[in-house]
Amino acid sequence: MARATALETAERVDQLQVMILEGEPNTSCLAFARKEWGISRARGYELLKRAWTQIKADVDETGIDRQELLAWSIQTLMAAAGQAKQQKNPGAVVACIKQLDWMTGLGINSNSGHRVHRARQ
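Everything numeric in this text was worked out from a predicted model, so none of it was measured. (Residues numbered from 1 in each chain as written. Predicted model: local features only at pLDDT ≥ 70, side-chain atom pairs only at ≥ 80, totals over all residues. Heavy atoms only, no water.)

Across all of its chains, the model carries 1 aromatic pair by this definition. Judged by centre distance (5.5 Å) and plane angle (80°), the ring pair of phenylalanine 32 and tryptophan 37 falls under edge-to-face. (Phe/Tyr/Trp six-rings, centres within 6.5 Å; stacked < 30°, edge-to-face > 60°.)

As structure tokens, this is what we get:
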């Protein structure tokens, strides 16, 4: 297959960026890229990395205060967890807590380096 032009590559990165922002996981984006454009797995990851870099650049360009964004995200997740609890939806509660754990690094899954992991016997 012929190499993509710079314009085609830019359009592919833009398309992957849209997919990411719509909530598609990286694996789905990669599968789409490989099927749609007939590219290798490594090339797909390259394009995904460029899409994520483009998203970060867009966020940085807006001048969003990251602490404000984190505070808003935490508040939103806590509200969602409360709503899920009221609706008796334990799966959604767990998902919110897992996301909060990941965002804040305060829970059992934290990589703070101070945790002691016991070997399974």
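Moving on, there is more to tell.
So, about the pattern of salt bridges. Should their charged atoms come close, side chains of opposite charge can pair. Counted under the stated rule, the structure contains 2 salt bridges. Taking the shortest distance from any N to any O, the salt bridge between arginine 43 and glutamate 46 comes out at 2.6 Å. One end of the pair, arginine 43, and the other, glutamate 46, are both in helix H3 (residues 41-62), 3 residues apart, so they sit about a helical turn from each other. Look at glutamate 46 and you get partly exposed, because its relative accessible area is 46%. Notably, a salt bridge pairs aspartate 60 with lysine 56, separated by 2.6 Å at the nearest N-O pair. Here aspartate 60 pairs with lysine 56, and both are found in helix H3, just 4 residues apart, close to one helical turn. Exposure remark for aspartate 60: the relative accessible area of 38% places this residue in the partly exposed category. (Salt bridge = Lys/Arg side-chain N within 4 Å of Asp/Glu carboxyl O. Helix = DSSP H or I, 4+ residues; strand = E, 2+ residues; numbered from the N terminus. Buried < 20%, exposed > 50% of the residue type's maximum accessible area, 1.4 Å probe, protein only.)

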